[in-house]
Amino acid sequence: NEGWRCGPDTITDVNNVFKHYLGVHYYHNYTSGKLPMEPSSQRYIMEFEAGQPFERQGMEWSVVRVKGQSFMLHQIRKMVGLGISIVRGHTSLKTLDEAWGMKRIDIPRAPGLGLMLDQIHYDRYNKRFAGDGVHEGLGWEGQMDVVEKFKDDFIFSDIIETEGKEKSMMTWMGDVLPLHTFTPRHFESDVHEPSPLRGASLKAKREEKEMKNANSKENQAAINVDIVDQAVVENVPA
C-alpha cells in the first residue's frame, strides 16, 4: 500500500532487529555454497541501521546503511529480507539466532533494486600511514557534498522512479514474503516444511483466481445472450 506510513516506533523496531547482526557471525545461510561453521563464511558487521523515513513521489522511503569488512553473494539482501520478515511478523528473532547454527534455513532475499556500494573504507591504511608526513589519507572528506548530491540526483531518483513503475519491493512484501517458510532442517535437505500461512495464502489466491474465472464466464454468457437477443430482434419480419 503506497499510502502506508511508518509509525512513531517503526524505525526503532527495525533497528532493534538490525543490531543483532553486529559483530562476527557465520553467514552460511545468507549465501550459497557455504557449509555451517565454515571459516570462510564468517563476516564482521560494524554498522547496520535504517535512517529516518522521507517521502518521494507519494511513497515513504528509508535509507538502510550497512558497513562491514566484506560481504558475500546475496548476504545483504538476505539480511534485509530477514529483518523485514521479523518486523512484519512473518517470523521471530529466534530464526535469526538459529541461522548462525548448524541447521539450514531458507532466508528470504529482498529485491536488489536499491542495493548500492556507497563507500569503500580504508580505515586500517589510514590509521597506519595517513599523517606520517609522506602518505595522504584515503577517503571522501572534502567531497561529501558533491557525492551526496550525485547520489540524490542520479542514483536515488532512478531507484525511486523504477520502484514506482515496477513495484518490486511492494510485490515482494505483499505476495512473496507471506509464502516463505523459515523451518530449520538438515543442511543437506531440500524438503520444504509446510507452512499454515503459506497454505492459507495459496488457498486465498486459488479462490481469487476461481472467482475471476467464474465472473469471466458469467460476463461471457451475458454477452452471448445479448448477441442472441439482438439477432432475434434483427430477424423479426416487417
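Residues numbered from 1 in each chain as written. Predicted model: local features only at pLDDT ≥ 70, side-chain atom pairs only at ≥ 80, totals over all residues. Heavy atoms only, no water.

> Help me out: how do you make sense of helix H2 (residues 75–87) in this one?
Each α-helix turn comprises 3.6 residues. Residues three or four places apart therefore point the same way. With 13 residues, H2 extends 18 Å between its outermost C-alpha atoms, agreeing within 8% with the 18 Å of an ideal straight helix rising 1.5 Å per residue. With 11 of 13 residues buried, H2 lies mostly within the body of the structure. At its buried positions, H2 is contacted by helix H1 (10–18), strand E2 (42–50), strand E5 (64–68), helix H3 (93–98) and helix H6 (168–176). Taken from the residues just after H2, Gly89 is the one with a positive phi, measuring 90°. (Helix = DSSP H or I, 4+ residues; strand = E, 2+ residues; numbered from the N terminus. Expected span 1.5 Å × (residues − 1). Buried < 20%, exposed > 50% of the residue type's maximum accessible area, 1.4 Å probe, protein only. Contact = heavy atoms within 4.5 Å.)

> I would appreciate a short explanation of the sheet that holds E5 in the present structure.
Hydrogen bonds between backbone atoms are what pair the strands of a sheet, whose relative direction is either parallel or antiparallel. Taking strand neighbours across the sheet as the criterion, the three strands line up as E1-E2-E5 in an open arrangement whose pairing is antiparallel. The open sheet terminates on both sides in strands that have one partner only, identified here as strand E1 (23–26) and E5. Each adjacent strand pair in this sheet contributes to an overall mean axis angle of 45°, direction not counted. Looking at chain direction, E1 and E2 are connected through four bridges and run antiparallel. Residue pairing across strands places Tyr26 opposite Gln42, the latter belonging to E2. In the packing of H1 onto the sheet, contacts are made with E2 and E5, and the angle to E2 comes to roughly 170°. (Pairing = 2+ DSSP bridges. Axes fitted to C-alpha atoms, helices over the stretch in contact; angles between N-to-C directions.)

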